[in-house]
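What follows is each chain in one-letter form.
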Amino acid sequence: MSLEFFGHPFSSFTQKVLIALWADGTPFEYRIIDEEHPENYAELKRRWPFAKFPLLVDEGESVIESTPIIEHLHAHHRGQNDWIPQGDAGRRVRFLDRFFDTYVMERMQKAGLDILRPEGSRDPFGVEQARSELRMAYDWLEANLNQGPWAIGETFTLADCAAAPSLFYADWLEEIGPSRPRLAAYRARLLAHPIIARAVDEGRPYRHFFPMGAPDRD
Ligand SMILES: N[C@@H](CCC(=O)N[C@@H](CS)C(=O)NCC(=O)O)C(=O)O
């Protein structure tokens, strides 16, 4: 029952899955994608031509994309957490997981990574649109998040695994600010969770990778 996990400590989608793995105490071999381990990138690329991470290998089988990886862990390596509860609660979890991935994480990637494009091929219109949709996502969350402590209430779920890295990094790019106290308090609760604090700490040495420069907080 050996699990190999390909990812990088500073990557938001990697952190999303690490939170689930660590919170359950699931053993795995961590294959970090970096310059010191070219064989890890080569294996990732062989298994998934897009070479996006994270990627999980379970007994030789590739499991691709963060949400299906957590679903796979939930089904085959069940720990103490109920990542996707049954019934309506599960539907709310899946919706919020999609929401954080799509409207927070992907908008943040779009706006944040544009600066790495070669001069002349940047997309200022797309960046402004992504930032505007990020603010719209914050406003929606401010109006619709429940009282917590977690995304759907008392149970820490897949939705919180997605929320933690997305809100962590998105706030660096576009501050949530004091006008959204409920969302700011949820982000603070997530960052105070010991497993999420570990994910943030393991990413700390790589903060110089943040394209716009990491702010001096968190
Ligand atoms: N939808 C994917 C997104 C994965 C993704 O965007 N990963 C980023 C790191 S956070 C990546 O692989 N970046 C490297 C690249 O695009 O070459 C998931 O849920 O896993």
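Look up: the structure comes first, before these words.
Calculation rules
- Residues numbered from 1 in each chain as written.
- Predicted model: local features only at pLDDT ≥ 70, side-chain atom pairs only at ≥ 80, totals over all residues.
- Heavy atoms only, no water.
- Helix = DSSP H or I, 4+ residues; strand = E, 2+ residues; numbered from the N terminus.
- Axes fitted to C-alpha atoms, helices over the stretch in contact; angles between N-to-C directions.
- Left-handed = near helix turned anticlockwise from the far one by under 90°.
- Contact = heavy atoms within 4.5 Å.
- Nonpolar A, V, L, I, M, F, W, Y, C, P; charged D, E, K, R; others polar.
- Phe/Tyr/Trp six-rings, centres within 6.5 Å; stacked < 30°, edge-to-face > 60°.
- Buried < 20%, exposed > 50% of the residue type's maximum accessible area, 1.4 Å probe, protein only.
- Lys NZ or Arg CZ within 6 Å of the ring centre and 35° of its normal.
- Pairing = 2+ DSSP bridges.
- Salt bridge = Lys/Arg side-chain N within 4 Å of Asp/Glu carboxyl O.

(A) Just the environment of glutamate 119, in detail. Mapped onto the secondary structure, glutamate 119 falls in the loop between helix H4 (87-113) and helix H5 (124-144). Residues glutamate 119 and tyrosine 169, 50 residues apart in the sequence, show an inter-C-alpha distance of 24 Å.

(B) Structural detail: the packing of helix H1 (residues 12-24) against helix H6 (residues 158-173). Packing of H1 against H6 brings their axes to within 8 Å, and their N-to-C directions diverge by 145°. Once H1 is placed against H6, the crossing between them reads as right-handed. Residues Ser12, Gln15, Lys16, Ile19 and Ala20 of H1 lie in contact with H6, whose contacting residues are Leu158, Cys161, Ala162, Ala164, Pro165 and Tyr169. Along the lines of polarity and charge, the residues of the contact of H1 with H6 split into eight nonpolar, two polar and one charged.

(C) Broad picture of the packing of aromatic side chains. Applying the stated criterion across every chain, the model contains 20 aromatic pairs. With centroids separated by 4.9 Å and ring planes inclined at 55°, the aromatic side chains of tryptophan 48 and phenylalanine 50 adopt a geometry described as tilted. With a relative accessible area of 60%, phenylalanine 50 lands in the exposed category. Ring centres of phenylalanine 100 and tyrosine 186 lie 6.5 Å apart, and the angle between their planes is 40°; this geometry places the pair in the tilted category. Here phenylalanine 100 is found in helix H4, whereas its partner tyrosine 186 is found in helix H7 (residues 181-192), with 86 residues between them in sequence. Comparing phenylalanine 100 with tyrosine 186 shows no difference in burial state: the two are buried. Sitting above the plane of the tryptophan 22 ring, arginine 198 keeps its charged end 3.7 Å from the centroid.

(D) Molecular detail of the sheet that holds strand E3 (residues 55-58). Sheet architecture is open: four strands sit in the order E2-E1-E3-E4, paired in mixed fashion. The sheet is open, and its two edges are formed by strand E2 (29-32) and strand E4 (61-64), each paired on a single side. Taking the axes of each pair of neighbouring strands and ignoring which way they run, one obtains an average angle of 25° across the sheet. Here strand E1 (residues 3-7) runs beside E2; their pairing, made up of four bridges, is parallel. In the strand pairing of E2, glutamate 4 is matched with glutamate 29. The sheet strands contacting H1 are E1 and E2, and the helix crosses E1 at an angle near 150°.

(E) Fine view of the pattern of salt bridges. Applying the stated criterion across every chain yields a total of 25 salt bridges. Here glutamate 174 and arginine 135 are joined by a salt bridge, their closest N and O atoms 3.1 Å apart. Taken together, the residues span a long stretch of sequence, with glutamate 174 in the loop between H6 and H7 and arginine 135 in helix H5 at a distance of 39 residues. The exposure class of glutamate 174 is buried, given its relative accessible area of 14%. Between glutamate 175 and arginine 217 there is a salt bridge; the shortest N-O distance is 4.0 Å. Taken as a pair, glutamate 175 in the loop between H6 and H7 and arginine 217 in the segment after helix H8 (194-203) lie far apart in primary sequence, 42 residues in all. In this structure glutamate 175 comes out as exposed when scored by relative accessible area, which is 53%. Residue class for arginine 217 comes out partly exposed when judged on its relative accessible area of 28%. One connected set of salt bridges, linked through shared partners, spans Asp171, Glu175, Arg187, Arg217 and Asp218.

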